[in-house]
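Here is how the chains run, residue by residue.
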Amino acid sequence: YRKVIDSYCNDKENYEYNKELERVLSNCANRDSVVQFFDGNMKGGYYNNRIEISNQDFLGIVTDYDSDKKLITLEQRNYFKKGDVVEIFNPKMEVISFKINEIYDLDGNLIEVCNHPKQVVKLKTDFKVTPFSLMRIKKTI
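Residues numbered from 1 in each chain as written. Predicted model: local features only at pLDDT ≥ 70, side-chain atom pairs only at ≥ 80, totals over all residues. Heavy atoms only, no water.

Engineer: Which parts of the structure should I look at to understand the overall build of the protein?
Structural biologist: Secondary structure summary: the protein contains three helices and 10 strands in total. Traced from its N-terminal end to its C-terminal end, the protein shows the element sequence α-α-α-β-β-β-β-β-β-β-β-β-β. Taking all 141 residues of the protein together, the buried fraction comes to 26%. At a minimum sequence separation of 6, the contacts of the protein that also span at least 24 residues come to 55%. For the protein, the accessible surface area stands at approximately 10,300 Å², while carbon and sulfur atoms represent 52% of it. (Helix = DSSP H or I, 4+ residues; strand = E, 2+ residues; numbered from the N terminus. Buried < 20%, exposed > 50% of the residue type's maximum accessible area, 1.4 Å probe, protein only. Contact = heavy atoms within 4.5 Å. Areas by Shrake-Rupley, 256 points an atom, 1.4 Å probe, with all protein chains shown as cover.)

Okay, here's the thing in structure tokens:
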């Protein structure tokens, strides 16, 4: 959303609709808006005859980067593993794709998978990443 808003606001006269950004936004998992929690009426549940397919694209949030050791510190959100091809992105940088070759727990032990939500891990990279960048699985479409 940030890239779309900035693109429009920075040059309204020459703004061109970006189908690639629309594709990225449409891949984000989301939920319908309902009032049950707001008005306290939890009768009837939260189903509304809808089908939600969670794509689990979003994998984690970068919290730090160690330039000397070339390690990203990441707070994990969805399952990923060694060998996955992922993307790191934020509104101020180009998307960077890379294969996860090394994952470390906070004790410095090599691990194969990240499957505990909010687990903090470190990933070896050859590029600098800023905090609050996001990591997602790379789509092969």
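Engineer: Where do I start with the sheet that holds strand 2 (residues 71-76) in this structure?
Structural biologist: Strand pairing in a sheet takes place through backbone hydrogen bonds and is either antiparallel or parallel in direction. Strand order in the open sheet formed by eight strands is 5-4-10-1-2-9-6-7, with antiparallel pairing between adjacent strands. Of all strands in the sheet, those bounded by a partner on one side alone are strand 5 (96-99) and strand 7 (110-111). Pairing of strand 4 (residues 85-89) with strand 10 (residues 134-137), which is carried by four bridges, proceeds in the antiparallel orientation. For Val 86, the partnering residue across the bridge sits in strand 10 and is Ile 137. (Pairing = 2+ DSSP bridges.)

Engineer: What am I meant to see in the environment of Lys 124 here?
Structural biologist: Here Lys 124 is to be found in strand 9 (residues 120-124). Since its relative accessible area comes to 37%, Lys 124 is described here as partly exposed. Along the chain, Lys 124 and Lys 70 lie 54 residues apart, while their C-alpha atoms are 5.9 Å from each other. When residues no more than four places from it in sequence are discounted, the contact partners of Lys 124 are Lys 69, Lys 70, Leu 71, Phe 98 and Glu 102. Only 2.9 Å separates the side chain of Lys 124 from the backbone oxygen of Lys 69, close enough to count as a polar contact. (Polar contact = N/O pair within 3.5 Å; in protein donor to acceptor, adjacent residues only side chain to side chain.)

Purely spatial values, then, with no claim about function.
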